[in-house]
Amino acid sequence: MNMQRIETKSGNFNMTDYEETYQKFNWDEAKSNFSWHTTGKANIAYEAIDRHAENPDKADQIALIYSAPDREEKLTFTDLKQSSNQFANVLKKHGVEKEDRVFLFMPRSPEFYASFLGILKVGAIAGPLFEAFMEQAVRDRLEDSEASMLVTTPELLERVPFSDLPHLKKVVLVGESDQKGEAYIDYHAEMNEASKSFDVEWVDLEDGMLLHYTSGSTGKPKGVYHVHNAMLQHYQTGKWVLDLKEDDIYWCTADPGWVTGTSYGIFAPWLNGVTNLVRGGRFSPEQWYETLQEKEVTVWYSAPTAFRKLMSAGEDIVKEYNLTNLRHVLSVGEPLNPEVIAWGMSALELRIHDTWWMTETGGQLICNFPALDMKPGSMGKPFPGIVASIIDNEGNELPPNQMGNLAIKAPWPSMMRAIWKRPEKYESYFLNGWYISGDSAYKDEEGYFWFQGRLDDVINTSGERVGPFEVESKLIEHPAVSEAGVIGKPDPERGEIIKAFITLNDGYSESEELLEEIRQFVKKGLSAHAAPRELEVKDTIPKTRSGKIMRRLLKSWELGLPTGDVSTLEE
Ligand code: ATP
Ligand code: MG
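Not measured: the values here are computed from a predicted model. (Residues numbered from 1 in each chain as written. Chains lettered and ligands numbered in written order. Predicted model: local features only at pLDDT ≥ 70, side-chain atom pairs only at ≥ 80, totals over all residues. Heavy atoms only, no water.)

Draft legend 1. Highlighting the packing of helix 5 (residues 77-93) against helix 6 (residues 110-121). Between helix 5 and helix 6, the shortest axis-to-axis distance is 7 Å and the interhelical angle comes to 60 degrees. With respect to helix 6, the element helix 5 is oriented oblique. Helix-helix and strand crossings are classified by hand; for helix 5 and helix 6 the assignment is right-handed. Two secondary-structure elements touch here, helix 5 through Leu80, Lys81, Ser83, Ser84, Asn85, Phe87, Ala88 and Leu91 and helix 6 through Ala114, Ser115, Leu117, Gly118, Ile119 and Lys121. Looking at the contact of helix 5 with helix 6, its residues break down into seven nonpolar, five polar and two charged. (Axes fitted to C-alpha atoms, helices over the stretch in contact; angles between N-to-C directions. Helix = DSSP H or I, 4+ residues; strand = E, 2+ residues; numbered from the N terminus. Parallel < 35°, antiparallel > 145°, perpendicular 65-115°, else oblique. Left-handed = near helix turned anticlockwise from the far one by under 90°. Contact = heavy atoms within 4.5 Å. Nonpolar A, V, L, I, M, F, W, Y, C, P; charged D, E, K, R; others polar.)

Draft legend 2. Broad picture of the UniProt feature "domain: AMP-binding enzyme C-terminal" (unreviewed entry) in the protein chain. Per the UniProt record, "domain: AMP-binding enzyme C-terminal" (unreviewed entry) is found at residues 470-548. With 28% helix and 32% strand, residues 470-548 has end C-alpha atoms that lie 16 Å from one another. (UniProt positions renumbered as here; feature names shortened; annotations may be inferred.)

Draft legend 3. How the structure looks around the domain arrangement of the protein chain. As far as domains go, the protein chain holds domain 1 (77-228) and domain 2 (458-559). Computed over C-alpha atoms only, the centres of domain 1 and domain 2 are separated by 41 Å. Taken together, the contact between domain 1 and domain 2 spans eight residues of the former and six residues of the latter. Both sides of the domain 1 and domain 2 interface together cover about 570 Å² of buried area, and 56% of this is carbon and sulfur. Contact with domain 2 buries surface across domain 1, with Phe130, Ser215 and Ser217 losing the most and accounting together for 64% of the total. One can count three residue pairs in polar contact (both at pLDDT 80 or more) joining domain 1 with domain 2. Taken together, the residues of the side of domain 1 that touches domain 2 sort by class into three nonpolar, five polar and no charged. (Domains from an automatic or database assignment. Buried area = accessible area lost by both parts, 1.4 Å probe. Polar contact = N/O pair within 3.5 Å; in protein donor to acceptor, adjacent residues only side chain to side chain.)

Structural data, given as structure tokens:
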């Protein structure tokens, strides 16, 4: 069932030979790229922005292109240095101290980035939240983190239960508001008065900088704590996986409420001194292609759900745009279906590079490198400096081609350093010196890793273990199927049966014949035991804000069970 391998093309790669680099690389080498290596003074925001602003060759380079339907702005490294300094001064004035948690609940905007960087510059810990969160989701995260300050907009303020949050002292409001009083800070008024100079708080590399709640695909989101040292991994993966060069225009479509939107929407591009495009507004195939064309994007990082939607919109649309600047495309968040890679080869004439990592890992770990042949359906190979393996439940390594726990030798630079206030939970990730990801996978003889599913999602049907990803990928190969979510449904005879929920592409309507045809299609393409016994057509498949299929929700609906934490559900 595996598509043929797609060979690498020589050219613009920062890494020319994967195997050789993997053998030679050591994290100590990465350190020499940072100013703290010589000065001893560290802060990730300084390295990402100020270092470039202080370099005459880079000071006036555009760092941020902000593009939304009603607003276009370009900010240089100097602009960002100054606005983040101003915000750092505002925070200081209102008593924010090192290690305080300052949360952000607002859409992407130049103010968001100035605030985020300002928080890091005072040594505080930033906590970005999706703007679409409703009150309960906001409450849970502010309560758990004991945040003392929140940056938000007047429109979103009604979803902040301020008076119920004893730790929350002040709210910064970005925009015109009638809310006055001690507890409210007017962003624009105070920024105008604040100095553009600020003495950055130098930190220990092990000091905290970021608290990210996980996507909530499998249960209640966890508060994942990251430290400044993560910059080593952000920088180096930006160079070798994103293949960033100084004159690139890079677009990461992820919101900073999701770890991809910070590690790779903020840190990796700026640590590499690259122009970073941020697009506000909603998804539409036309507008996305237009953005790629008009902003002359060269490197593009997105997610399978977005690629699948573009694929459903058809290949004719792509041809209306000039995408010749685009040279490198990457994906994260969910398994990347081989069908989507085939679409990329045809519609974009580029390989789409899958990357595997998690909120907890802080940075990419297993990837398809530009300098590596690609096996569609495989996540690729470990990043240099990362040891990955498949282990059994006792912590023993398994031979090639055996499915087991995908595990990483701990630690690595961007690894989480805690689960907020839950030390036992943190400990539970580790076994015999391995970090256990919770995903199941196998490794082939050539060292490529193949994702099988979340451990919780693996289906046991008539004694066969089936990963939902394989079945979903086969389903979407059928021309009628747009998206698919597959679960195991308890069955007295078979243990579990496979049930698939699908959405249909435009021009197809549900009928017994069509469903039977789709079932046969999976049966012929995969195997009889992998063919869904039940198929249900839906209008949408439930997904998290970061675009992940929420199989646990499909399962609860199917079984009539309580739905659990749905705070991250996309509407
Ligand atoms: P929660 O931990 O709250 O259930 P989550 O695991 O979805 O949510 P994230 O940290 O955003 O939260 O996602 C990490 C998970 O996403 C991985 O464990 C894996 O299951 C999936 N994932 C990420 N990238 C890939 C990929 N390239 N291929 C397959 N799965 C991926
Ligand atoms: Mg997880």
